[in-house]
Amino acid sequence: MTFDYDLFVIGGGSGGVRAARIAAGEHGARVGLAEESRMGGTCVIRGCVPKKLMIFAAQAAQMADEMRGYGWCHAETGPFDWHFFREKLDEELNRLERAYTHNAEKSGVEIHHQRARLVDHHTVELADGSRKTAKHILIAVGGRPARIGIPGEELGLISDDLFLLEDLPRRALLVGGGFIACEFATILNGLGVDTMQAYRGDAVLRGFDREMREMASLQIQQLGVDLRLGLSPTRLEKDAGRIATHFDDGTVEHFDAVFFATGRQPYSWDLGLENTGVHRKESGAIEVDEWSQSSVPSIFAVGDVTNRVNLTPVAIREGHAFADTVFGGRARKVDHSLIASAVYLRPHELATIGLTEEQARLRGAADVYSAVFRPMRSMFAGLDARTLMKLLVDPETDKVLGCHIFGPDAGEMIQLAAIPITMGATKADFDATMAVHPTAAEELVTMRHPVRRIREETDPGAV
Ligand code: NDP
């Protein structure tokens, strides 16, 4: 049987574009790709990229505070001009979208700017009714924000909407305590919005190291975000042009905007999967094996639609490995066991790789090395921000099991610390590394004694 393409990719985001470009550009496959929205996907258009630019914008007031501490006694930011920023942001996202399209086309990928649905194991139907056949189909459609099922929640917004606001709200509520809620609360607060964050748990960022979560919760509060822990909304209703939000403690607050940052779900509905017999999990995630192959041999899936580790670099790596394996004759799997990540809070970021102290305790014994200090830059300026660095080390093998950093540029630091840790570095390797002085990162190689040893299921005891 002859096919129109060797590969048809559904979804022009990070994972799909990488797979398409490698398959076509490096391995000579005939590749078609369908994208119903904008090329670049969540990360580029409505996620990591615009979010990071907004974080930079939101830092300005804090930079002015710091500058006054250094003698620029009149440093002031004045009011933030959202319209100016949005116009520039739109231009930048248009530029990136063009670059994504151009690079894919330059590699030989034929792009269809419309929605595609599966018809059978080798056929997709585009929104204009035309059909394309392919030997292999890759589903890389990502995820979509999820709400929580309370009355009136349609009055609320989701993360995608932040980047499209005509005007900034005067008072906003963020619901959730995960990556997006914490980053967005930090951003809105920095841009001058009166911001409340309601999270049902007792410290934000569940799943991260407990000490780090507490530092993050404290920093969010110190910034001026009204962080309410142990609180969830139960109902939203319109009230004189605002949104009256009822909470589970019986209180009611009014906001100009309510954002649900309550997780994301695989975007696997209305894809025609029922025509193919591709298995899905209860969450809607497409079930794949370690080769990203679904229960139907010709259909593969990468990225958030598989709900493995929902991060851009992971989707990219999965897409690349798929293309090398299927079209490059080079079998490659992705190791999901050790992946660094960062939450872009302000002024300190939270970045991590490996086991948390709580996870290490379940595994067995571990030595905890940690350093808490005030970084010289903010201390001189008279600011009270504290940095925390922590290493978890296996006392038997000396291997570094986890590294956690709460501090300025923690995301940059963890990227570098991730290299030796991925290579299996020991604490002795860290100790043998000469410090770079004066930096904050040098603390990672100068922690000499453990502050405690934790043991399986026991409370931490002093060493
Ligand atoms: P997360 O899974 O990180 O957080 C979801 C939050 O919503 C949690 O605090 C969760 O609470 C809360 N929640 C879920 N259901 C309910 C409910 N019914 N009622 C009240 N609260 C609820 O998802 P995000 O939406 O923040 O982010 C989605 C994904 O995007 C992340 O997992 C991450 O992979 C990715 N991302 C990565 C970023 C980065 O790398 N810097 C930045 C932004 C997103 P609980 O913890 O109690 O379950």
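These figures come from a predicted structure and were not determined experimentally.

Draft legend 1. Spotlight on the pairing of strand S11 (residues 226-229). Sheet analysis places strand S10 (residues 194-199) next to S11, joined by four bridges and oriented parallel. From the neighbouring strand, Met196 faces S11, where its bridge partner is Asp226. In this region the chain leaves S10, passes through helix H8 (residues 210-223) and returns to the parallel neighbour S11; the handedness of that crossover is right-handed.

Draft legend 2. Representation of the sheet that holds strand S14 (residues 252-255) in the model. The strand order across the open sheet formed by three strands is S12-S13-S14, and the pairing between neighbours is antiparallel. Edge strands, defined here as strands with exactly one partner in the open sheet, are strand S12 (233-239) and S14. Across the sheet, the mean angle from the axis of one strand to that of its neighbour is 25°, orientation sign disregarded. Here strand S13 (residues 242-247) runs beside S14; their pairing, made up of four bridges, is antiparallel.

Draft legend 3. Just the packing of helix H3 (residues 48-58) against helix H5 (residues 82-106), in detail. At a closest axis distance of 11 Å, the pairing of H3 and H5 adopts a crossing angle of 145°. Considering only the axes of H3 and H5, their crossing is right-handed. Across the interface between the two elements, Val49, Pro50, Leu53, Met54 and Ala57 of H3 pack against Trp82, Phe85, Leu89, Glu92, Leu93 and Leu96 of H5. Its residues assigned to classes, the contact of H3 with H5 shows 10 nonpolar, no polar and one charged.

Draft legend 4. Structural view of the site of the ligand. Close to the ligand lie 20 residues; Gly177, Ile180, Arg206, Asn310 and Ala342 are nearest. Backbone polar atom of Gly177 to an oxygen atom of the ligand: 2.8 Å apart, as the coordinates give it. Glu183 is positioned such that a nitrogen or oxygen atom in its side chain is 3.0 Å from a nitrogen atom of the ligand. When isolated, the ligand has an accessible area of 900 Å², and the protein chains bury 76% of it. If one sorts the elements of the shell around the ligand by residue count, helix H7 (residues 179-190) sits on top with three residues. Considered class by class, the residues forming the shell around the ligand number eight nonpolar, seven polar and five charged.

Draft legend 5. Inspection of the environment of Asp65 at higher detail. In this structure, Asp65 sits in helix H4 (residues 60-69). By relative accessible area, which is 33% here, Asp65 ends up partly exposed. The spatial distance from the C-alpha of Asp65 to the C-alpha of Ala381 is 7.9 Å, given a sequence separation of 316 residues. A polar contact of 2.5 Å, which involves the side chain of Asp65, links it to the side chain of Arg68.

Calculation rules
Residues numbered from 1 in each chain as written. Predicted model: local features only at pLDDT ≥ 70, side-chain atom pairs only at ≥ 80, totals over all residues. Heavy atoms only, no water. Pairing = 2+ DSSP bridges. Helix = DSSP H or I, 4+ residues; strand = E, 2+ residues; numbered from the N terminus. Right-handed = clockwise from strand over helix to strand, strands pointing away. Axes fitted to C-alpha atoms, helices over the stretch in contact; angles between N-to-C directions. Left-handed = near helix turned anticlockwise from the far one by under 90°. Contact = heavy atoms within 4.5 Å. Nonpolar A, V, L, I, M, F, W, Y, C, P; charged D, E, K, R; others polar. Near = heavy atom within 4 Å. Polar contact = N/O pair within 3.5 Å; in protein donor to acceptor, adjacent residues only side chain to side chain. Areas by Shrake-Rupley, 256 points an atom, 1.4 Å probe, with all protein chains shown as cover. Buried < 20%, exposed > 50% of the residue type's maximum accessible area, 1.4 Å probe, protein only.

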